[in-house]
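# Chain and residue survey
Spelled out, the chains give:
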Amino acid sequence: MKEITCKLLVIGAGPGGYVCAIRAGQLGVDTVIVEMAKPGGTCLNIGCIPSKAIIHAADDFAKTVAMAAGRNAMGIKADNPAIDLAKTMAWKDGITGRLTMGVSSLLKKAGVKIVVGRAKFRDGKTVAVETETGEQVIRAENIVIATGSAPVELPMLPFGGKVISSTGALSLTEVPERLAVVGAGYIGLELGLAFAKLGSKVTIVEALDRILPLYDTQLTQPVARRLAALGVEVLLGTKVKGPSSNGEALLAKTGSGEERRIAADRILVTVGRKPVTEGWGREELELDMDGRFLRIDEQCRTSMRGIYAIGDVTGEPMLAHRAMAQGEMVAEIISGKRRSWDKRAIPAVCFTDPEIVSVGMSPDEAKAAGREIKIGQFPFSANGRAMTLSAEEGFVRVVARADNHLVLGIQGVGAGISELSAAFGIAVEMGARLEDIAGTIHAHPTQSEAFAESALKALGHALHV
Ligand code: FAD
Ligand code: NAD
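None of the values given here were measured: they were computed from a predicted structure. (Residues numbered from 1 in each chain as written. Chains lettered and ligands numbered in written order. Predicted model: local features only at pLDDT ≥ 70, side-chain atom pairs only at ≥ 80, totals over all residues. Heavy atoms only, no water.)

Here we take up the overall build of the protein. A tally of regular secondary structure across the protein gives 13 helices and 24 strands. Taking 23 Å as the expected radius of gyration for a compact globule of 465 residues, we find that the protein reaches 24 Å, a close match to that expectation. Evaluated residue by residue, the protein yields a buried proportion of 51% over its 465 residues. Total accessible area computed for the protein in this model is approximately 21300 Å², and 52% of it derives from carbon and sulfur atoms. Positive and negative charge centroids in the protein, built from 53 and 52 side chains respectively, lie 1 Å apart. (Helix = DSSP H or I, 4+ residues; strand = E, 2+ residues; numbered from the N terminus. Rg over C-alpha atoms; globule rule 2.2 N^0.38 Å. Buried < 20%, exposed > 50% of the residue type's maximum accessible area, 1.4 Å probe, protein only. Areas by Shrake-Rupley, 256 points an atom, 1.4 Å probe, with all protein chains shown as cover. Lys, Arg positive; Asp, Glu negative; His and termini not counted. Charge placed at Lys NZ, Arg CZ, Asp CG, Glu CD.)

Set out below in structure tokens:
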């Protein structure tokens, strides 16, 4: 096969890699992208998008079940609700299929050449790709490593059979009667809640003494209440020991020393993700590491000239929008523009019920950084729109410097609050002060009014509480 030479080679077409390649193509950089699975990576195929589709379907189903049981204050009635999970999965696959096709056509439109196969470095400028039709050698001036991440496996619960990762959970065609979830982080809670709504008896086992350790307890309390209302048992401070000898249960030991036997048809292990730093010839290079991740600087340069790394392979937070922002920046740098990582915040959204958003510093983080702060918190129970949506649980909280009122962070928990992450992000990124937020007219009736009210509260004169 004839060798390809190009200015930019991107390895991995997840959100980091495909965005980098599209932007580079737009800028006229001669670009090739290699992907061994499907364009869109973890996010579009087995991550963000399919999980949100299933979460949405589960939510609709749970609402219908509640209506059928007469638990609907709006007077809506339903009869005998049922779910055909195979059909739900087919609907979800339709969405991911459309998106991955969309990514391929965007790459083509930007003039990017797509090579399908596993890429392996031969040296710092040369990569060999195992394609269906043989080996393709690619020589590039610049190479971006965007190989992403993979689920962490527990030695006593290797994936296979009943023990599944998020990928397995997102392709189940029948709702498991009993589901044990190991890990109460992002995926364990997002999918644990979804399967509880679909009708599974869910038990979540978490090693630490709290759920969602990334967020403060004020933010996670509404989620804990919802888990309890759905009948999900959460075992905190609990160690998993492995499957029972007959394979019908998960064995665990609680913090108080109690041995638990959790009957389970499926065991979903969601104890984190690990960067994909093997399988692409790292041994042929001299790349510095930052713990388990590839070390990068503020321009996503690795320790080798001409080799960049972006996305999950480079560190926390392992989020799609961080990968995309890095990809866009690196493409611009390679095209000759002066760019470096200057973001104030990377929003984090947990698509639990209710949803949690955090942008910038929490009160504890601000205090730990030695800041004198003002905090304003406004509850959705005092927000008209939230009432009309039956979504009164939760609040918006703003954290600002006490002296000049510069907003340091904004957090919130509530149904549908993920959509407010944009307003929160813009406020932090643009250096808004409490007065800017309070002085912006927020449309009525919207949940976003809680944001303006939280700023007013911090200024000492909230109007609606
Ligand atoms: P990836 O998306 O992992 O893509 C890497 C790509 O590289 C893959 O397609 C892989 O096949 C390819 N590759 C690897 N090695 C090679 C090789 N040698 N040759 C060729 N190709 C190779 N993030 C959010 O921001 N919001 C969410 O709601 C969210 N939900 C998630 C839900 C789940 C269930 C999971 C698992 C993850 C979720 N994430 C979410 C995380 C998000 O998916 C990742 O942060 C994101 O996909 C990282 O993008 P990336 O480009 O770094 O890597
Ligand atoms: P996570 O890091 O969010 O949570 C893992 C949880 O497992 C933690 O609470 C940890 O204490 C616990 N744990 C670790 N070892 C354990 C053990 N042996 N027994 C019991 N509990 C154990 O990891 P995740 O849920 O697998 O998600 C991986 C990553 O994917 C996230 O960190 C995030 O970057 C990304 N993600 C993001 C979103 C989103 O943005 N909404 C959604 C899903 C995934």
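Right, let's get into the domain arrangement of the protein. Segmenting the protein into domains produces domain 1 (4-50 + 88-151 + 274-334), domain 2 (163-271) and domain 3 (348-459). Each of domain 1 and domain 2 has a C-alpha centre, and the two are 32 Å apart. Each side of the interface is counted separately: domain 1 has six residues, and domain 2 has six residues. Carbon and sulfur atoms supply 67% of the area buried between domain 1 and domain 2, which totals about 540 Å² over both sides. Broken down residue by residue, the surface that domain 1 buries against domain 2 is led by Ile46, Met89 and Pro151, which jointly contribute 71%. Across the domain 1-domain 2 interface, the total number found is zero salt bridges. Run the count over domain 1 and domain 2 and you get one residue pair in polar contact (both at pLDDT 80 or more). (Domains from an automatic or database assignment. Contact = heavy atoms within 4.5 Å. Buried area = accessible area lost by both parts, 1.4 Å probe. Salt bridge = Lys/Arg side-chain N within 4 Å of Asp/Glu carboxyl O. Polar contact = N/O pair within 3.5 Å; in protein donor to acceptor, adjacent residues only side chain to side chain.)

Neighbouring ligand 1 are 37 residues, the closest being Glu35, Thr42, Lys52, Asp312 and Ala320. Separating an oxygen atom of ligand 1 from a backbone N or O atom of alanine 146 is a distance of 3.5 Å. Coverage of ligand 1 by the protein chains reaches 94% of its 1000 Å² of free accessible surface. Put simply, the parts of the chain that give the shell around ligand 1 at least two residues each are α1 (15-26), β2 (31-35), α2 (41-46), α3 (48-68), β4 (118-123) and α8 (320-334). Tallying contributions element by element places α2 first for the shell around ligand 1, with four residues. (Near = heavy atom within 4 Å.)

Judged by pairing direction, the sheet is antiparallel, and its five strands sit side by side in the order β20-β21-β24-β23-β22 without closing on themselves. Of all strands in the sheet, those bounded by a partner on one side alone are β20 (348-350) and β22 (373-379). This sheet shows a mean twist of 10° between the axes of neighbouring strands, independent of strand direction. Where helix α11 (residues 421-429) meets the sheet, its contacts fall on β20, β21 (355-360), β23 (395-401) and β24 (407-414), and the angle it forms with β21 comes to roughly 10°. Contacts between helix α13 (residues 449-458) and the sheet are confined to β22, β23 and β24, with β22 contributing the most and set at about 140° to the helix. (Pairing = 2+ DSSP bridges. Axes fitted to C-alpha atoms, helices over the stretch in contact; angles between N-to-C directions.)

Scanning all chains against the criterion turns up three aromatic pairs. Ring geometry for tyrosine 186 and tyrosine 215: centres 6.2 Å apart, planes at 70°, overall edge-to-face. Of the two residues, tyrosine 186 is situated in helix α6 (residues 186-198) and tyrosine 215 in the loop between β10 (201-205) and α7 (217-229); the sequence distance between them amounts to 29 residues. On the accessibility criterion, tyrosine 186 (24% relative accessible area) is partly exposed. Directly above the aromatic system of tryptophan 341 lies the positively charged group of lysine 343, at a separation of 5.8 Å from the ring centroid. (Phe/Tyr/Trp six-rings, centres within 6.5 Å; stacked < 30°, edge-to-face > 60°. Lys NZ or Arg CZ within 6 Å of the ring centre and 35° of its normal.)

Quick look at the pattern of salt bridges now. Scanning the model with the defined rule gives 20 salt bridges in all. Residue lysine 63 is joined to aspartate 59 by a salt bridge in which the shortest nitrogen-to-oxygen separation is 3.4 Å. One end of the pair is lysine 63 and the other is aspartate 59, both in helix α3 and four residues apart, which spans about a single turn. Each of Asp59, Lys63, Lys197, Arg226 and Asp353 takes part in salt bridges that share partners, so that together they form one network.

In this section: the layout of surface pockets. Computed from the structure, the second largest pocket encloses a volume of approximately 1200 Å³. If you trace the second largest pocket, you find 39 residues lining it, with Asp59, Lys63, Arg226, Asp353 and Ser390 closest to the centre. When residues of the lining of the second largest pocket are traced back to their parent elements, those giving at least two are α3, α6 and α7. Considering only residue class, the lining of the second largest pocket consists of 20 nonpolar, seven polar and twelve charged. When residues of the lining of the second largest pocket are sorted by domain, at least three fall in each of domain 2 (163-271) and domain 3 (348-459). (1 Å grid on protein atoms, 1.4 Å probe; cavity = no way out; pocket = protein on both sides within 12 Å on 5 of 7 lines; lining within 4 Å. Points joined across faces, edges and corners; volume = space filled by probe spheres on them. Nonpolar A, V, L, I, M, F, W, Y, C, P; charged D, E, K, R; others polar.)

Let us look at the site of ligand 2. Close to ligand 2 lie 22 residues; Ile187, Glu190, Glu206, Met318 and Val349 are nearest. Within the backbone of tyrosine 186, an N or O atom sits 3.1 Å from an oxygen atom of ligand 2. Against a free-state accessible area of 830 Å², the protein chains account for coverage of 80% of ligand 2. Looking at the shell around ligand 2 element by element, the count peaks at four residues for α6.

Within the span of α11, buried status applies to Ser421, Phe424, Gly425, Ala427 and Val428. Angular distribution of buried residues about the axis of α11 spans 160°; they occupy a single face of the element. (Arc of directions from axis to C-beta.)

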